[in-house]
Amino acid sequence: QVHLAESGGGLVQAGGSLRLSCAASGRTFSRDDMGWFRQAPEKEREFVAAVRSGGITYYADSVKGRFTISRDNAKNTVYLQMNSLKPEDTAVYYCTARRGSTDWVGRIPSYDNWGQGTQVTVSS
């Protein structure tokens, strides 16, 4: 089992930037695929970005070109740099981890560990 703790959320104006961090503990971080998902009020949780243990990255079309996911295995931390934020990016952002799965990185049931989430609010 892995413990995940997100930080870095907040309130920002449209066009602004935020960087989310997710610190992992409890098992060998470098062997995990790491993902970011988000959930807006009254909407289903959706895939945002993921980075596999080998470093390959994936993005939802809605954030491609604006968000960047990265990982620092020495610090057991995954980041989500969010630029050119839009009001529709407002949501609770969740960090998640999985190991040994060949499922598509955006498939929620393939992840077995989730953080508590951090709120991101983008004002217009």
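See the structure above.
Reading guide: rules and limits
Residues numbered from 1 in each chain as written. Predicted model: local features only at pLDDT ≥ 70, side-chain atom pairs only at ≥ 80, totals over all residues. Heavy atoms only, no water. Salt bridge = Lys/Arg side-chain N within 4 Å of Asp/Glu carboxyl O. Helix = DSSP H or I, 4+ residues; strand = E, 2+ residues; numbered from the N terminus. Buried < 20%, exposed > 50% of the residue type's maximum accessible area, 1.4 Å probe, protein only. Disulfide = S-S within 2.5 Å. Pairing = 2+ DSSP bridges.

Visitor: Just checking my understanding: could you explain the pattern of salt bridges for this structure?
Guide: Two side chains that carry opposite charge are able to pair once their charged atoms sit near each other. All chains considered together, the criterion is met by 10 salt bridges. Between Arg-52 and Asp-33 there is a salt bridge; the shortest N-O distance is 3.3 Å. Of the two residues, Arg-52 is situated in the loop between strand 5 (46–51) and strand 6 (57–59) and Asp-33 in strand 4 (residues 33–39); the sequence distance between them amounts to 19 residues. Among the salt bridges present, the one from Lys-64 reaches Asp-61, with a minimum N-O distance of 3.2 Å. One network of salt bridges, in which partners are shared, links Arg-27, Asp-32, Arg-99 and Asp-112.

Visitor: So what exactly am I meant to see when it comes to unusual backbone geometry here?
Guide: Leave glycine aside and you will find that most residues have negative phi; peptide bonds, for their part, are mostly trans. At Glu-42, a position not held by glycine, the phi torsion is positive, near 65°. Within the secondary structure, Glu-42 sits in the loop between strand 4 and strand 5. Although it is not a glycine, Asn-76 adopts a positive phi angle of roughly 55°. Along the polypeptide, Asn-76 turns up in the loop between strand 7 (67–72) and strand 8 (77–82). A relative accessible area of 28% places Asn-76 in the partly exposed class.

Visitor: I tried to follow the state of the cysteines on my own but got confused; where do I start?
Guide: Here, the word disulfide means a covalent bond between the sulfur atoms of two cysteines. Under the criterion given, the structure shown has one disulfide. Put simply, Cys-22 and Cys-95 are joined by a disulfide, and their sulfur atoms are 2.1 Å apart. The chirality of the disulfide connecting Cys-22 with Cys-95 is left-handed, given an S-S dihedral of about -80°. Of this pair, Cys-22 sits in strand 3 (residues 18–25) while Cys-95 sits in strand 9 (residues 91–98); the two residues are 73 residues apart in sequence, bridging distant segments of the chain. On the accessibility criterion, Cys-22 (0% relative accessible area) is buried. For Cys-95, a relative accessible area of 0% corresponds to the buried category.

Visitor: Quick question: what am I supposed to make of the pairing of strand 1 (residues 3–7) here?
Guide: The two faces of a sheet get side chains in turn, since along a regular strand they alternate between them. Only one face of strand 1 is covered, namely the face carrying Leu-4 and Glu-6; the face carrying His-3, Ala-5 and Ser-7 is uncovered. Here strand 1 pairs with strand 3 via five bridges, running antiparallel. Across the sheet, residue Ala-5 finds its bridge partner in strand 3, namely Ala-23.

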